[in-house]
Each structure stands twice: as C-alpha cells, then as structure tokens.
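An overview of the molecular structure
Listed below are the residues making up each chain.
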Amino acid sequence: MKAGWLAAGLTALLLSKPGAALAALSLGVNAEEPAPTIGRLIASLKPDDQTLELRAYESSAQLRTALQKGEVDLGIIEDAGASQPGLTLVAELYPSVLHILYHGDDTPADLGQLLSRGAIWAGGPGAVGHRLAEALAGDFGLRADTRILDDPFTREPDVYFIFGGILEPDALARLPGFRVYSLDAPQQLMHGSVAEGVALRYPFLRPFVLPAQLYPSLGGSSALTLSVSNLLVAREELPDEIVYQLAMSLDSLRPRIAAAYPLAGMRGLADLERAAQALPLHPGARRYRDRDLPSFLERYAEVLALGTTVMLAAGTVLATVRRQRRQSRKDRLDTFYQRLLGLREALSQPETDAADVAAEVRAAQSEVMALVIDERIDADGSLMAFLTLSNRLLEEAEQAA
C-alpha cells in the first residue's frame, strides 16, 4: 500500500516539474504586424508532437528580455546585429521595411533636416527604428531625447521612422499630408548611396527600394530605404530534435507565410539565410539546413579510393621485395647444398682424404650458421635439411678417416 502511494507521489512530482515532457512550447511575438499573423501560422505547427502556445508582448524589447530570461522558448524578433546570450537562430522569416514619412510639401535636404523637423515616432524603446533614429540624430548633433517620442499618442508625430510591413489602406487613410522620404535617389544604389552608408555602419540593415506608385497618397515616387530581417529564435537549451522538426515544418509553411505577407516570399531570402548572422545557428537548425550536404565519405570518396590504391600498391611492392629477399637467401643456401653433394661424391673416391672432407663439411656448416646470424636466414625446412645432410656426411667422413 505504501509503495503504491510512493509511486503515485513520484509520478505527480515528475509531471509537475518545469520542462516536463507534457509541457507546451511557447512562442512569443510583439504587437506589430505581421508578427502576430505569422506567429499564429507558426503556432499551428507541432514540432516533434509538441504544442506551440502563442504569447503576445507589447514590444520587441519585452520579448527579447523574456527570451533571455527563459520565460518563453521561441520568439520572432528583429535582427539586432549583435549576439544575445542564450539565444540561437532557427530561421530568417521575413524583412521589415523602414518607412520614413514626413509631414509637409517641402522635402528635407538630408537626414539631419528630416530628424530636426519635429516630433519623431520610431517605435517603442528598444525597437530597431528607435535605436537607429537615436544613432543618426547623434551623428547630426541633435538631441534625440527631445525629439523621439516614447509613444505616438501623447503628441502627434511630424516624422514617422518605422520598420514594418507594407502599409495597409486603413493606415494610409490616417496619414493625410504625409509623404515618403527617400534616403537617396534609387539610381544611386550601388553607387555610394546614403542607404549603403548606413548599412555599412549597421551591417544587419540592407538597402531596399519601395517601388513607384506603391503609395500614391504618399507621393507615389520610388524611394530608397532600408530593411531589417525578422528572425525566429530559440533558447539554446531547446532540444535539437524539436528545433530540427520545427525548421522542417517551417519550410512547408513558407508559402502560407508569403501569402499572408508578400515580402516573405521575396526571391533571395533563402540565400540571405546562409549569410553571416550575429546569432549562432541552433544545432538542430544547422543539422536541418545541412541535411543535403555530402557526407564525409561522399566528400572524400576519391581521396579514400586513392589512399586505398596506394596502400594496396605499397603492400604488393613490399610483398614482392620480401619474396625476392627470401628467394635470394634460399639461392645462397642452395650453393652450400651443391658443395655438400660435391664432397659426398669426392668421399666415395679412394684417393680422397676423408679428414679433408670432414674439415670442408665443418667449414660449410660454420659459414651457414654465420649467414643465419648475419643475414637472418629463416630456420625453416631448407636449413634443417642442410644440417641433417651435412651431419650425416660428417659422420661418414669421420668413420672413413
């Protein structure tokens, strides 16, 4: 009875522990679209039969903090261009485009005039737009704290400096009198444009061109701006198999993500995933990304084949040399056989001195033993036969003497 209660208690304790097998994984997203929409699509996946629970955060900074504290397993965050302790990359999802909008008809001559135009809404503190606007304001000697707003409600912004998706019609309707600002003429791209200069200082940003007539109500002209990647990140402690299954399921989900957010279907996005990233790639994601790469045996098959051929050739040469050396030693031993046969023939002649024959036999035996020691002739059947024959001949000679 006590054993039954003990087993039940241990089972309950195991199931109540944090990170138990039945616990659902959590996916954090910020409040700005398209992150919630794409988050819901990803939450429909079940990597390694694990349920994904969606959690909303007011800002990217809050989500990043929750990820680093381990309060959430996965998250969709903007590329910050720096490594973040405890976080690893799973996949690059979609780009967010910088929309620089200003109120009025007179176009600012440069970024300095734009940022000194009035109140600026660049996203919440910690957002990429907010940090970039502060840095650029500092470059032009402007006090960012008096111009960049913490929220767009207490004061109406004169300038919007926001990373996000393509503006929807309802958002455009709330922007009367605003125009799109271009960092430079789009034709200057790859010719030392301002956008390239900013991207050179902040490598996680990339130049981007908004096509003409994308926003007729905002001027309609094409505009050179910037974009930043939004990443699916995971805690580094997340098991490799779960992340592998998530990365595999995410590949099949990409058409639905592109349908919900067209910029996610941009050509070349898959190539960008192979570019250098500040965040290390999670081992499970790396294993999935490199699944089609040749294995070690496939990569070095020719080298291994060449090595095997060389080893076989070397073995054949060594065996041949050894056989030739053994044959040469046997040939030298054969000469002593011939001497013994000649002495035996001589011993049968009446005029032959048997003592001389015995001396010759002993000399031949001494020479053979010297060869055994000096040239390491094997003590095989040939040597034993020589000794037997020479000893018999020596006995015959001594008896005759």
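Residues numbered from 1 in each chain as written. Predicted model: local features only at pLDDT ≥ 70, side-chain atom pairs only at ≥ 80, totals over all residues. Heavy atoms only, no water.

Our next topic: the layout of surface pockets. Roughly 1,200 Å³ of internal volume is contained in the largest pocket. As for the largest pocket, its lining consists of 37 residues, of which E32, I162, L167, A171 and R174 are closest to the centre. Mapped by element, the contributors of at least two residues to the lining of the largest pocket are α3 (60–69), β4 (87–103), β6 (159–164) and α6 (169–173). (1 Å grid on protein atoms, 1.4 Å probe; cavity = no way out; pocket = protein on both sides within 12 Å on 5 of 7 lines; lining within 4 Å. Points joined across faces, edges and corners; volume = space filled by probe spheres on them. Helix = DSSP H or I, 4+ residues; strand = E, 2+ residues; numbered from the N terminus.)

Before going further, it helps to examine the nonpolar core. Ranked by internal contacts, the top residues of the largest apolar core, which has 56 residues, are I42, L74, I76 and L232. By residue number, the principal contributor to this core is β4, which donates eight residues. Among the nonpolar cores identified, the runner-up in size contains 27 residues, and Y102, L115, L136 and Y202 belong to it. (Core = buried A, V, L, I, M, F, W, Y, C linked by side-chain atoms within 4.5 Å. Buried < 20%, exposed > 50% of the residue type's maximum accessible area, 1.4 Å probe, protein only.)

Now for helix α7 (residues 194–201). Taken together, the buried positions of α7 are A195, V198 and A199. Looking straight down α7, one finds its buried side chains confined to an arc of 100°; they lie on one side. Away from the buried face of α7 by more than 90 degrees, exposed residues L200 and R201 are located. On the buried face of α7, the contacting elements are α5 (128–139), β8 (205–210) and β9 (223–235). (Arc of directions from axis to C-beta. Contact = heavy atoms within 4.5 Å.)

Our focus in this paragraph is a nonpolar patch on the surface. Together, Y300, V303 and L304 make up an exposed nonpolar region whose accessible area comes to about 270 Å². Structurally, Y300 is set in the loop between α11 (296–299) and α12 (301–347). For Y300, a relative accessible area of 38% translates into the label partly exposed. (Patch = residues over 30% accessible without salt bridge, like charges linked within 9 Å, V, L, I, M, F, W, Y side chains within 5 Å. Areas by Shrake-Rupley, 256 points an atom, 1.4 Å probe, with all protein chains shown as cover. Salt bridge = Lys/Arg side-chain N within 4 Å of Asp/Glu carboxyl O.)

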